[in-house]
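Remarks on the overall topology
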Amino acid sequence: MAERPEDLNLPNAVITRIIKEALPDGVNISKEARSAISRAASVFVLYATSCANNFAMKGKRKTLNASDVLSAMEEMEFQRFVTPLKEALEAYRREQKGKKEASEQKKKDKDKKTDSEEQDKSRDEDNDEDEERMEEEEQNEEEEVDN
Amino acid sequence: MADVVAGKDRCAEHRLVSLPLSRIRVIMKSSPEVSSINQEALVLTAKATELFVQYLATYSYRHGSGREKKALTYSDLANTAEESETFQFLADILPKKILASKYLKMLKEEKREDDDEEEENDNDDEHEDEAEP
């Protein structure tokens, strides 16, 4: 939750980098202009959230999803963002799928190993299992925070 | 080992979006009517914010006065908020700067109007008093 007003600011270093990458080389951006863009970005997030939330409410859903955000962009007249956002979403989904498959593959390998080998190496495997449990716990934590 | 894996994940996210997702989530959740946000919506909002920053900067630079000087200034941004319909929602937080003398004059004029209104209100009050038994 936002406890201090500065919690609603975005990091200046990142904002500055994004601006610099967008403008031609050697353009000077005044300090005032940077902080103005940073404030504008926070307001943009709030505006987009509020629009997206209206779409979620229309759909009788409590959780904002990707299509709500895309609809919000059209409503806000930022249609130009829709195509790059859809591309980003696909890339994100591919990435998630890749992660999932990788962890499933790992589990399969481990099962095979346990089947074929006898118990004299059980000490090593105990360690492996502990590590995997830790990973899983971490993933669960992330999911909880996300919602 | 778990730490190393988590570190890699974070890097991968950064390639897609450079703004911190945690901060974006805090801003989104500061809106009271929002109950929960799924991860895809969060990533998309962060990405949209990056596109917005790029667009606001390039639009203001292109339409701004500082092109010959190779500079982007506050007044370029304030102009964008005033003149472009898409960026209209920023007008309140990017007000145009005016001279203090001009502002004082505006204040005086406003005060004169207020005084006039107050006088009218006073008259109304008197009428009400009279109407009471």
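Conventions used here
- Residues numbered from 1 in each chain as written.
- Chains lettered and ligands numbered in written order.
- Predicted model: local features only at pLDDT ≥ 70, side-chain atom pairs only at ≥ 80, totals over all residues.
- Heavy atoms only, no water.
- Helix = DSSP H or I, 4+ residues; strand = E, 2+ residues; numbered from the N terminus.
- Buried < 20%, exposed > 50% of the residue type's maximum accessible area, 1.4 Å probe, protein only.
- Contact = heavy atoms within 4.5 Å.
- pLDDT = per-residue confidence, 0-100.
- Buried area = accessible area lost by both parts, 1.4 Å probe.
- Salt bridge = Lys/Arg side-chain N within 4 Å of Asp/Glu carboxyl O.
- Polar contact = N/O pair within 3.5 Å; in protein donor to acceptor, adjacent residues only side chain to side chain.
- Pairing = 2+ DSSP bridges.
- UniProt positions renumbered as here; feature names shortened; annotations may be inferred.

**Details of the overall build of chain A**
From N to C terminus, chain A includes 5 helices and 2 strands. Out of the 147 residues in chain A, the part that is buried amounts to 31%. The contacts in chain A between residues at least 6 apart in sequence include a share of 33% that link residues at least 24 apart.

**Here we look at helix H1 (residues 12–22) of chain A**
Of all the residues in H1 of chain A, the buried ones are Val14, Ile15, Thr16, Ile18 and Ile19 of chain A. The inward-facing, buried residues of H1 of chain A abut strand E1 (28–29) and helix H2 (31–58) of chain A together with helix H3 (39–63) of chain B.

**Re the confidence of the model for chain B**
All names here are of chain B. Chain-level pLDDT for chain B is 82 on average; 76% of the residues reach the 70-or-more range. Between the elements of chain B, mean pLDDT differs from a low of 48, seen in helix H1 (residues 2–16), to a high of 97, seen in H3. Scored below 50 in pLDDT, residues 1–14 makes 14 contacts in the model with residues more than four places away or belonging to other chains. Low pLDDT (under 50) marks residues 125–133, which in the prediction has 0 contacts with non-local residues, meaning those over four places away or in another chain. Two summary scores accompany this predicted model of the complex, namely pTM at 0.72 and ipTM at 0.73.

**Some details on the interface of chain B and chain A**
Contacts between chain B and chain A engage 59 residues on the former and 68 residues on the latter. Carbon and sulfur atoms supply 69% of the area buried between chain B and chain A, which totals about 5900 Å² over both sides. Looking only at chain B, the three residues that lose the most surface to chain A are Ile27, Glu40 and Leu44 of chain B, adding up to 11% of its buried area. We note a salt bridge from Glu40 of chain B to Arg93 of chain A, for which the minimum N-O separation is 2.8 Å. Joining chain B to chain A, the criterion identifies 14 residue pairs in polar contact (both at pLDDT 80 or more). Elements supplying a minimum of two residues to the side of chain B that touches chain A: H1, helix H2 (21–29), strand E1 (36–37), H3, strand E2 (71–72) and helix H4 (74–83) of chain B. Broken down by element, the residue count for the side of chain B that touches chain A peaks at 19 residues, all from H3 of chain B. Pairing geometry for E1 of chain A and E2 of chain B, over 2 bridges, is parallel. By the bridge assignment for E2 of chain B, Asn28 of chain A is matched with Ala71 of chain B.

**Let's talk about the UniProt feature "domain: Transcription factor CBF/NF-Y/archaeal histone" (unreviewed entry) in chain B**
In the UniProt entry, the feature "domain: Transcription factor CBF/NF-Y/archaeal histone" (unreviewed entry) is given for residues 18–78 of chain B. End C-alpha to end C-alpha, residues 18–78 of chain B measures 26 Å, and it is 64% helix and 7% strand.

**Section: the environment of Asp76 of chain B**
Residues and elements named next belong to chain B. With respect to the secondary-structure elements, Asp76 resides in helix H4. Sequence-distant contacts of Asp76, defined by excluding residues within four places in its chain, comprise Ser60, Gly64, Ser65, Gly66 and Ala71. Polar side-chain contacts of Asp76 include one of 3.1 Å to the backbone nitrogen of Ser65.

**Focus on the pattern of salt bridges**
In a structure, side chains of opposite charge can pair up when their charged atoms sit close to one another. Residue and element names in this part refer to chain B. Using the criterion set out here, one finds 4 salt bridges over all chains in the structure. Across the pair Glu82 and Lys96 runs a salt bridge, and its minimum N-O distance is 3.2 Å. Of the two residues, Glu82 sits in helix H4 while Lys96 sits in the loop between H4 and helix H5 (100–131), which places them 14 residues apart along the sequence. Given the relative accessible area of 43%, Glu82 is considered partly exposed. The partly exposed category is assigned to Lys96, whose relative accessible area is 41%.

**Side note on the UniProt feature "domain: Transcription factor CBF/NF-Y/archaeal histone" (unreviewed entry) in chain A**
The UniProt record annotates "domain: Transcription factor CBF/NF-Y/archaeal histone" (unreviewed entry) at residues 9–73 of chain A. Annotation note: span residues 9–73 of chain A, helix share 72%, strand share 6%, distance between end C-alpha atoms 21 Å.

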